[in-house]
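In case you want the letters, here they are:
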Amino acid sequence: MSYANLSISWGLMILIWLVQLIIYPSFSRISPEEFKAYHRWYVIRISSVVLPLMVAELILSIWWVLSDDYSAISVSAGLLVLIVWLSTFVLQVPIHNRLKAGREDREIRRLVATNWIRAAAWSLKAVVVSIDRLSSIY
């Protein structure tokens, strides 16, 4: 397992916790008049950071599973990445698409609630790759 996978896992975990605890909850603090423009600005910028990392993570996870003969730890990490992708494109992206129209506090609450899936999955993945890395050192 590469250090790139370890670095990306921890980077995404840190990022998702910033999103979960600070960024998404702050959406309800933005005035309805300014929300639409802010949300468009946010989505463009966060996507330019997160999407390349998610694609790299996906590629590294597939490589890890295939090169590690489907070990329990690599498959576990791969399943966690799959959960993140499903959550992102089945839950969070549609909510963001609805928020394009303007601030809806109910949708913001739904965004925060469903995002716990990604926060948990990315946190567990960071732990899994860390355990794997440590076990190869000792």
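Here the structure is a predicted model, which is why all the values come from computation and not from measurement.

Q: Looking at this model, I keep getting lost on the overall build of the protein chain. Mind explaining?
A: Of regular secondary structure, the protein chain possesses 4 helices and 0 strands. For the protein chain, the α and β elements follow one another from N to C terminus as α-α-α-α. The dimensions of the protein chain, computed from C-alpha atoms along their principal axes, are 55 × 25 × 25 Å. Nonlocal contacts in the protein chain, meaning residues at least 24 apart in sequence, comprise 78% of its contacts between residues at least 6 apart.

Q: Explain unusual backbone geometry here, please?
A: The phi angle of most residues is negative, glycine excepted, and most peptide bonds adopt the trans form. Not every positive phi belongs to a glycine, and D69 is a case in point at roughly 50°. Here D69 lies in the loop between α2 (32–67) and α3 (72–99). Of note in the backbone geometry, Y70 takes a positive phi value of approximately 55° without being a glycine. Here Y70 is to be found in the loop between α2 and α3. In this structure Y70 comes out as exposed when scored by relative accessible area, which is 55%.

Q: Please clarify how the nonpolar core should be interpreted in this entry.
A: Considering soluble globular proteins, one finds that nonpolar side chains tend to be buried as a cluster. Within the largest apolar cluster, 29 residues are counted, with the highest numbers of intra-cluster contacts made by Y24, F27, F35, Y42, L99, L111 and W122. Only α1 (3–26), α2, α3 and α4 (105–137) provide two or more residues apiece to this core. Among the elements that make up this core, the one with the highest residue count is α4 (8 residues). Apart from residues no more than four positions distant in its own chain, L99 is found in contact with F27, F35, H39, E104, E107, I108 and L111.

Q: Explain the packing of aromatic side chains here, please?
A: Pairs of aromatic rings are described using the distance from one ring centre to the other and the angle between the two planes. Applying the stated criterion across every chain yields a total of 9 aromatic pairs. On the basis of an interplanar angle of 55° and a centroid distance of 5.5 Å, the ring pair of Y24 and F27 is categorised as tilted. As far as burial versus exposure is concerned, Y24 and F27 are alike and both buried. Ring centres of Y38 and Y42 lie 6.4 Å apart, and the angle between their planes is 20°; on these two criteria the pair is classed as stacked. You can see Y38 and its partner Y42 sitting in helix α2, 4 residues apart, about one turn around the helix.

Q: What exactly am I supposed to notice about a nonpolar patch on the surface here?
A: The grouping of W10, I14, W17, L18, L21, I22 and W116 at the surface amounts to a nonpolar patch, some 680 Å² of accessible area in total. With 6 residues, α1 is the largest single contributor of residues to the nonpolar patch. Along the chain, the position of L18 falls in helix α1.

Q: So what exactly am I meant to see when it comes to the side chain of S74 here?
A: As for its position among the elements, S74 is in helix α3. Among the residues examined, S74 registers a relative accessible area of 0% and is labelled buried. In terms of polar contacts, S74 uses its side chain to reach the side chain of S71, at 3.0 Å. When neighbours within four sequence positions are excluded, S74 is seen to be in contact with W64, V65 and D68.

The rules we used
- Residues numbered from 1 in each chain as written.
- Predicted model: local features only at pLDDT ≥ 70, side-chain atom pairs only at ≥ 80, totals over all residues.
- Heavy atoms only, no water.
- Helix = DSSP H or I, 4+ residues; strand = E, 2+ residues; numbered from the N terminus.
- Contact = heavy atoms within 4.5 Å.
- Buried < 20%, exposed > 50% of the residue type's maximum accessible area, 1.4 Å probe, protein only.
- Core = buried A, V, L, I, M, F, W, Y, C linked by side-chain atoms within 4.5 Å.
- Phe/Tyr/Trp six-rings, centres within 6.5 Å; stacked < 30°, edge-to-face > 60°.
- Patch = residues over 30% accessible without salt bridge, like charges linked within 9 Å, V, L, I, M, F, W, Y side chains within 5 Å.
- Areas by Shrake-Rupley, 256 points an atom, 1.4 Å probe, with all protein chains shown as cover.
- Salt bridge = Lys/Arg side-chain N within 4 Å of Asp/Glu carboxyl O.
- Polar contact = N/O pair within 3.5 Å; in protein donor to acceptor, adjacent residues only side chain to side chain.

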